[in-house]
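# Descriptive analysis of the structure
If you want the building blocks of each chain, they are given just below.
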Amino acid sequence: MRRLAKVIPVLCLAAAAAAAPAILADDHILVGEEFDYTVRRGDTLAGIEARFAVTPQSLAARNRLPVTKRLAPGKVLRVDNRHIVPKALENGILINIPQRLLFYFVGGRLDAWYPVALGQPGSWQTPTGSYRVVRKEKDPVWEVPVSIQEEMRRKGEKVQTRVPPGPDNPLGEYRLGLSLDCCGIHGTNAPQSIYRFQTHGCIRLAPQDAVDLFSRVSVGVPVEIIYETVLFSRDEDGKIFVEVHPDIYRHTEGNWETATAIAESRGLGSALKSARWEKILHDEEGIATRLPLRTSVWSEVAGLPDPGVPARASR
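Anyway, here's the lowdown on the structure attached to this text. (Residues numbered from 1 in each chain as written. Predicted model: local features only at pLDDT ≥ 70, side-chain atom pairs only at ≥ 80, totals over all residues. Heavy atoms only, no water.)

### Concerning the packing of aromatic side chains
- Scanning the model with the defined rule gives six aromatic pairs in all.
- Here the aromatic rings of phenylalanine 35 and phenylalanine 52 are separated by 5.2 Å at their centres, their planes lie at 70 degrees, and the arrangement is edge-to-face. Note that phenylalanine 35 is positioned in strand β3 (residues 34–38) and phenylalanine 52 in helix α1 (residues 45–52), a separation of 17 residues in sequence. By the burial criterion, phenylalanine 35 is buried, and phenylalanine 52 matches it. (Phe/Tyr/Trp six-rings, centres within 6.5 Å; stacked < 30°, edge-to-face > 60°. Helix = DSSP H or I, 4+ residues; strand = E, 2+ residues; numbered from the N terminus. Buried < 20%, exposed > 50% of the residue type's maximum accessible area, 1.4 Å probe, protein only.)

So, in structure tokens, the structure goes:
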């Protein structure tokens, strides 16, 4: 489970496309934090990516390292893995595909969040929609879909039809079956794939996170899968943040158009003149980054409380 340290109540604004109306809702939170991490023997940027939900490119840029550089044990890295929760659920699982994050809510409060691996662009995309957990499986058997058998055949690999529990099973030790027939939420025998788009549509968790989520979730829990590349928020201190992810599935009209439309609709036109704004949109780093804006403008246009008054905390 990702640490819930420095969970900050925020007011959040999110959109998936420039044409979509901006959604303003309360009781949202900003998760993650900025911290120093001491490199351990065997660590790689990709391994740290999977653990903390931050890309190797972001880690390298913030620490002025080449992406390909080997990490020396004892080196201290600055890590920023702050993310905006797109919205709150009363109960259930929320997955935002561009973020590669899974959020679990209980009683309207965020109970846990995890980085995940999701479907590859092209024919293996993870679908959006509303579903439910219909079964819980420990030591699942993988009944290989015909489509994946055909892919194995095309690649010249040994065609498998059924994989029993064990170290070679790509489902790991725990699986949540969904009302979505093609996909489930499960562990993995390839933890280095976490926080990447490398699955055949399923939602893949690191082994320890699969154990943790499995222990929390019951059959019948709602699962909502969304696609939002651009998110805005205002924290309880009045600071405004924006988080931008690549449109990996090409589902939107473009992040520049999406972000500009949201900013203009909320009276944040001054953001468009900021060098930091251009960098955030260009880099698509996927980290919640503060904008140098006056919160009074945001408050007046969006109808938010005065920045001097603390925002209402999550229920």
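From this point, the narrative continues.
### Topic: the side chain of asparagine 96
- Position of asparagine 96 among the secondary structure elements: in strand β6 (residues 92–96).
- There is a polar contact of 3.0 Å between the side chain of asparagine 96 and the side chain of glutamine 99.
- A distance of 2.8 Å separates a polar atom in the side chain of asparagine 96 from the backbone nitrogen of glutamate 228.
- Setting aside chain neighbours within four positions, we find asparagine 96 in contact with Pro86, Leu101, Ile226, Tyr227, Glu228 and Leu231. (Polar contact = N/O pair within 3.5 Å; in protein donor to acceptor, adjacent residues only side chain to side chain. Contact = heavy atoms within 4.5 Å.)

### A short note on unusual backbone geometry
- A positive phi angle is found at alanine 53, which is not glycine, with a value near 60 degrees.
- Tracing the backbone shows alanine 53 in the loop between α1 and α2 (56–62).
- Of note, arginine 250 is a non-glycine position whose phi angle comes to about 60 degrees, a positive value.
- Mapped onto the fold, arginine 250 is located in the loop between β18 (240–244) and α5 (255–265).

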